[in-house]
Amino acid sequence: MSAGAGGTGGTGAENNTGRDETEEERADRKWVELIQEIRVAQTGVQILFGFLLTVVFTPRYTQLTQTDKNIYIVTVVLGACATGALIGPVSLHRLVSGRRVKPQAVEWASRMTFVGLVLLLATMTSSLLLILRVATHDGYVPYLVTGVVVWYLVCWFAVPLWTRRRHTTK
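Residues numbered from 1 in each chain as written. Predicted model: local features only at pLDDT ≥ 70, side-chain atom pairs only at ≥ 80, totals over all residues. Heavy atoms only, no water.

*Asks:* How should I be thinking about the overall build of the protein in this particular structure?
*Replies:* When you go through the protein residue by residue, the secondary structure sums to 5 helices and 0 strands. Listing each helix as α and each strand as β along the protein from the N terminus yields α-α-α-α-α. Accessible area of the protein: about 11100 Å², with a carbon and sulfur share of 63%. (Helix = DSSP H or I, 4+ residues; strand = E, 2+ residues; numbered from the N terminus. Areas by Shrake-Rupley, 256 points an atom, 1.4 Å probe, with all protein chains shown as cover.)

Written out as structure tokens, the structure is:
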């Protein structure tokens, strides 16, 4: 039995992945999987953030109400934070590469990615709120935004957590 099946430093149940891999091999696999996931989120947040940065330089910006300008500022700050959290794992990997701490780096990168996804959700929410407020000026905008946020929560968190709970054996 390899170290991956029983693990070292764990109870076995915690480390049993159903794969015959060492802790280092598991960390390598998890790192590759995480980076693939981050690529999708990074692209989205970078495009959104780039777009947000240009808004302040348009003639229409000066016509926004103070509330809309405040929403815009919050949105830009959230976008900057989301970008930082989703790019952070790359920097983490680069700075600890070769130090034999990949399992710990994967854990921290995973945490940063989760925070980045939450910040991306907040960025998208405030972006949608701002755009719909400017585009429609209608009272139904908060309800529409709430509906979209609920949809994101279902897709990004509820379904994955349900799947994990339903199909994880422990």
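*Asks:* Help me understand a nonpolar patch on the surface, please; the structure alone is not making it clear to me.
*Replies:* Together, Val-150, Trp-151, Val-154 and Val-159 give the surface a local cluster of nonpolar side chains, amounting to about 370 Å² of exposed area. Mapped onto the elements of the fold, Val-154 is located in helix H5 (residues 141-167). Residue Val-154 is classed as partly exposed on the basis of its relative accessible area of 33%. (Patch = residues over 30% accessible without salt bridge, like charges linked within 9 Å, V, L, I, M, F, W, Y side chains within 5 Å. Salt bridge = Lys/Arg side-chain N within 4 Å of Asp/Glu carboxyl O. Buried < 20%, exposed > 50% of the residue type's maximum accessible area, 1.4 Å probe, protein only.)

*Asks:* What is the right way to look at the environment of Val-76 in this model?
*Replies:* Turning to its location among the elements, Val-76 is positioned in helix H3 (residues 66-96). Owing to a relative accessible area of 17%, Val-76 belongs among the buried residues under this scheme. In this structure, the C-alpha to C-alpha distance between Val-76 and Ser-126, residues 50 residues apart in sequence, is 9.2 Å. Excluding its chain neighbours within four sequence positions, the residues that come into contact with Val-76 are Phe-49, Leu-52 and Leu-53. (Contact = heavy atoms within 4.5 Å.)

*Asks:* What exactly am I supposed to notice about the nonpolar core here?
*Replies:* Nonpolar side chains in soluble globular proteins tend to be buried together. Grouped together as the largest cluster of nonpolar side chains are 11 residues: Leu-48, Phe-49, Leu-52, Val-55, Tyr-61, Leu-64, Ile-71, Tyr-72, Val-76, Leu-130 and Val-134. Within the residue set of this core, elements represented by two or more residues are helix H2 (23-55), H3 and helix H4 (102-136). The leading source of residues in this core is H2, at 4 residues. Listed in part, the 9 residues of the second largest apolar core include Trp-31, Ile-38, Ala-105 and Val-106. (Core = buried A, V, L, I, M, F, W, Y, C linked by side-chain atoms within 4.5 Å.)

*Asks:* I would appreciate a short explanation of the packing of aromatic side chains in the present structure.
*Replies:* Geometrically, a pair of aromatic rings is defined through the distance of the ring centres and the angle of the planes. Taken as a whole and assessed by the stated rule, the structure comprises 4 aromatic pairs. Note on Tyr-152 and Trp-156: the rings are 5.1 Å apart at their centroids and 25° apart in plane angle, and the pair reads as stacked. Of the two residues, Tyr-152 and Trp-156 are both situated in helix H5; the distance of 4 residues between them amounts to about one turn of the helix. Look at Trp-156 and Phe-157: their rings are 6.5 Å apart centre to centre, the planes differ by 65°, and that puts the pair in the edge-to-face class. Using a relative accessible area of 27% as the deciding quantity, one classes Trp-156 as partly exposed. Taken together, the ring pairs in this structure connect Phe-114, Tyr-152, Trp-156 and Phe-157 into an aromatic cluster. One residue, Arg-111, lies across the ring of Trp-108, its end atom 4.7 Å from the ring centre. (Phe/Tyr/Trp six-rings, centres within 6.5 Å; stacked < 30°, edge-to-face > 60°. Lys NZ or Arg CZ within 6 Å of the ring centre and 35° of its normal.)

*Asks:* For this particular structure, what's the right way to read the side chain of Thr-83?
*Replies:* Considering the arrangement of structural elements, one finds Thr-83 in helix H3. Residue Thr-83 is classed as buried on the basis of its relative accessible area, which comes to 12%. Excluding its chain neighbours within four sequence positions, the residues that come into contact with Thr-83 are Val-45 and Phe-49.

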